[in-house]
Amino acid sequence: MKRMEASEYEFESQVDIMDKIAARNSLLPSPPKAYVDTYGCQQNEADSERLRGMLSRMGYVFTQNEFEADVALINTCAVREHAEMRILGNVGALVHAKKARKDMIIAVCGCMVQQEHMAEKIKKSYPHVDLVFGTHELQNFPELLERLLLAPKRRRVFAVSDSEGRISEGLPVHRDRGVKSWLPVMYGCNNFCSYCIVPYVRGRERSRLPENVIAEAREIIASGYKDITLLGQNVNSYGKDLGTGVDFAYLIEEINKIEGEFVIRFMTSHPKDATRRLFETMAACEKAARHIHLPFQAGNTRVLKAMNRGYTKEQYLDLIAMAKEIIPDIVLTSDVIVGFPGETDEEFEDTLDVIRKVRFDSLFTFIYSKRKGTPAAEMPDPFTREEKQKRFDRLLELQNAISSEKHAEYVGKTMQVLVDGEGEGGEYNLTARTSGGRLVHLAGDRALIGSFTDVEITGSTNWALFGKIK
Ligand code: SAH
Ligand code: SF4
Ligand code: F3S
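What you see is a predicted model; the values in this text were computed from it and never measured. (Residues numbered from 1 in each chain as written. Chains lettered and ligands numbered in written order. Predicted model: local features only at pLDDT ≥ 70, side-chain atom pairs only at ≥ 80, totals over all residues. Heavy atoms only, no water.)

Student: Outline the overall build of the chain, supporting the account with residue identities and numerical values.
Tutor: When helices and strands are counted, the chain shows 14 helices and 19 strands. Computed over its C-alpha atoms, the radius of gyration of the chain comes to 23 Å, within 12% of the 23 Å expected for a compact globule of 470 residues. Across the 470 residues that make up the chain, the buried fraction comes to 56%. A separation threshold of at least 6 residues defines the contact pool for the chain, and within that pool the share at least 24 residues apart is 76%. Within the structure as shown, the chain displays about 21000 Å² of accessible surface, and the carbon and sulfur contribution to it stands at 50%. (Helix = DSSP H or I, 4+ residues; strand = E, 2+ residues; numbered from the N terminus. Rg over C-alpha atoms; globule rule 2.2 N^0.38 Å. Buried < 20%, exposed > 50% of the residue type's maximum accessible area, 1.4 Å probe, protein only. Contact = heavy atoms within 4.5 Å. Areas by Shrake-Rupley, 256 points an atom, 1.4 Å probe, with all protein chains shown as cover.)

Following this line, the structure appears as structure tokens:
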């Protein structure tokens, strides 16, 4: 596949536009305000950091209140119907803000509107939306905004292109201040799991050059972040498209060499591409978190084949055995889909069997959601929502019991954690994470946020731990 980078010329022209808009905004009595709302995965969070970076460069300041926004930008997700319904509801509700501020610009971008039928729906049914742009237009946002700002009479702008996708380096990034940061290492997905919309809305896999990823990691660490999550839909295939022999483990090794105290996390890892080298690298790199999120989706081999996942139940269990052999204290988490079209009750038992055998610390569980245009949407789906819900409840009950037991095993241990934020109040005013990514509630001085500290685990529930600073 041909590798495409946005040309320097194209990027320069966007920079010129940003400068032009910034100059115009600087003449206003006070800086204009932007409201950015993000749905979906961390990949989308990372995109929003770039959209905010561009907005900030254009002279906007940020608000959490859509009623005072000059620009409202909704970055959308398409992974499940529930996400789309929620987004459409919230986009619809923006009509009230627009009524109050007639000049407000409302923009909707990202995965949901990359689907033609959704872009059409917005065009027809949401006339208060001024700008719609797809995932391949992110770097053109300044130009699209300029068309709305400078036109004598405002006309709606729709920019959704089909593209293999490309990589735009050098966009400004506006990160929330704090402890945790996102670092995209690759974009897109080539796997076409039969239920999943992501490959259709995000284009083919393309890896950033290792030097760009490592340079951004250095910047992130230099800015004081202590927790860096490397992002991709399947980080284990990082580098394959570059043809230079670099792989994901190499990135971990290189980032691990950067001076400073921080942890390296990553997601998501596809089981079919996870290798011994990956686990050995994690074991050898002291900054790599003792955690892997390894979605198995279903336990039954026939269902896995219908899902186009590329591994069997036994291969998945062997992979887990290898992970535990190389990193005995590794924390395992996963994603599961219940009620894939045609999955029978007996086949679902295999999902429970995998959960019992692996004993994950926690799981993200989803009921199958039909996505238009994917192969699974055409498969017969004879089981009712109620039947699927029953299975889902059984799965949750089993996992809650396992999570409770696993978390109880931490009690009495002393562990190093990274204090990462304020709690919800009450006795435990701080939150922290173990290397394995477990949430720990603590009491202590706010000044500890951003530092690593030893805690004794004093209590647990099925979803969190409680600790005392040593
Ligand atoms: N690239 C990641 C997953 C991204 S989507 C991976 O392969 O692991 C996050 C999760 O959403 C998936 O792991 C899957 O469990 C779930 N998911 C994706 N499509 C879905 C659908 N159509 N219905 C229900 N859950 C879905
Ligand atoms: Fe979707 Fe599969 Fe790609 Fe993950 S690997 S994003 S589940 S197609
Ligand atoms: Fe959603 Fe797009 Fe991520 S569909 S899960 S925001 S890649």
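Having seen it, we continue.
Student: Describe the sheet that holds strand E15 (residues 414–422), naming the residues involved and giving the relevant values.
Tutor: Read around the closed barrel, 5 strands run E15-E16-E17-E19-E18, paired in mixed fashion. The average angle at which neighbouring strand axes cross in this sheet is 50 degrees, direction not considered. In terms of strand pairing, strand E18 (residues 452–460) meets strand E19 (residues 465–469) through 5 bridges, oriented antiparallel. If you follow Ile457 over to E19, its bridge partner there is Gly467. (Pairing = 2+ DSSP bridges. Axes fitted to C-alpha atoms, helices over the stretch in contact; angles between N-to-C directions.)

Student: Requested: an account of the pairing of strand E1 (residues 33–38), with residues and values cited.
Tutor: Two faces, one strand: in a regular strand the side chains alternate between the faces of the sheet. Summarising burial for E1: 5 of the 6 residues are buried, a large majority. For E1 and strand E2 (residues 61–62), the ladder comprises 2 bridges, and the chain directions are parallel. Across the sheet, Lys33 pairs through a bridge with Val61, a residue of E2. Handedness of the crossover is the feature at issue here: the chain leaves E1, passes through helix H2 (residues 42–57), returns alongside E2, and the resulting connection is right-handed. Two elements, E1 and strand E3 (residues 71–76), share 5 bridges in a ladder whose sense is parallel. Its bridge partner being in E3, Asp37 is matched across the sheet by Ile74. (Right-handed = clockwise from strand over helix to strand, strands pointing away.)

Student: Describe the site of ligand 3, naming the residues involved and giving the relevant values.
Tutor: In the vicinity of ligand 3, the contacting residues are Gly40, Cys41, Asn44, Cys77, Ala78, Val79, Cys111, Arg202 and Gln233. Partitioning the shell around ligand 3 into residue classes produces 5 nonpolar, 3 polar and 1 charged. (Near = heavy atom within 4 Å. Nonpolar A, V, L, I, M, F, W, Y, C, P; charged D, E, K, R; others polar.)

Student: Before we move on, can you summarise the side chain of Arg208 with the specific residues and values?
Tutor: Looking at the secondary structure, you find Arg208 in the loop between strand E9 (206–207) and helix H8 (210–222). There is a polar contact of 3.0 Å between the side chain of Arg208 and the backbone oxygen of Pro184. (Polar contact = N/O pair within 3.5 Å; in protein donor to acceptor, adjacent residues only side chain to side chain.)

Student: I'd like to hear about the packing of H2 against helix H6 (residues 141–150), residue by residue, with values.
Tutor: Packed helices, taken two at a time, are described by the angle their axes make and the gap between the axes. Across the interface, H2 lies against H6 with an axial gap of 10 Å and an inter-helix angle of 50 degrees. With respect to their mutual orientation, H2 and H6 come out oblique. Note on packing geometry: the crossing formed by H2 with H6 is right-handed. Judged by residue contacts, Leu51, Met54 and Leu55 of H2 engage Phe141, Pro142 and Leu145 from H6. (Parallel < 35°, antiparallel > 145°, perpendicular 65-115°, else oblique. Left-handed = near helix turned anticlockwise from the far one by under 90°.)

Student: Residue-level account of the packing of aromatic side chains, with values.
Tutor: Each aromatic ring pair is summarised here by two numbers: the centre-to-centre distance and the angle between the ring planes. In the structure shown here, the tally under the stated rule is 9 aromatic pairs. On the basis of an interplanar angle of 85 degrees and a centroid distance of 5.3 Å, the ring pair of Phe192 and Tyr200 is categorised as edge-to-face. Taking relative accessible area as the criterion, Phe192 reaches 28% and is therefore assigned partly exposed. Plain terms: the ring middles of Tyr311 and Tyr316 are 6.0 Å apart, the flat faces sit at 35 degrees to each other, and that makes the pair tilted. (Phe/Tyr/Trp six-rings, centres within 6.5 Å; stacked < 30°, edge-to-face > 60°.)

Student: Could you give an account of helix H9 (residues 248–256), naming the residues involved and the relevant values?
Tutor: In terms of burial, H9 is a largely internal element, 7 of the 9 residues being buried. Along H9, the residues that are buried comprise Phe248, Ala249, Leu251, Ile252, Glu254, Ile255 and Asn256. Packing partners of the buried residues in H9 comprise H8, strand E10 (227–231), strand E11 (263–267) and helix H10 (276–284).

Student: So what about the state of the cysteines? Which residues, and what values?
Tutor: In protein structure, a disulfide is the covalent linkage between the sulfur atoms of two cysteines. One pass over the structure, following the stated rule, counts 0 disulfides. Take Cys109: it sits in no disulfide, and the sulfur closest to it among the cysteines is that of Cys111, at 9.2 Å. Its relative accessible area of 2% is what places Cys109 among the buried residues. (Disulfide = S-S within 2.5 Å.)

Student: Give a detailed account of unusual backbone geometry, specifying residues and quantitative values.
Tutor: For the peptide bond that leads from Met267 to Thr268, omega is 0 degrees, which places it in the cis range. Position of Thr268 relative to the elements: it lies in the loop between E11 and H10. For Phe192, which is not glycine, the phi torsion reads 45 degrees and is therefore positive. Along the chain, Phe192 turns up in the loop between strand E8 (186–187) and helix H7 (198–202). The phi angle at Gln297 is positive, at roughly 70 degrees, despite the residue not being glycine. Along the chain, the position of Gln297 falls in the loop between strand E12 (291–293) and helix H11 (301–306). The exposure class of Gln297 is buried, given its relative accessible area of 7%.

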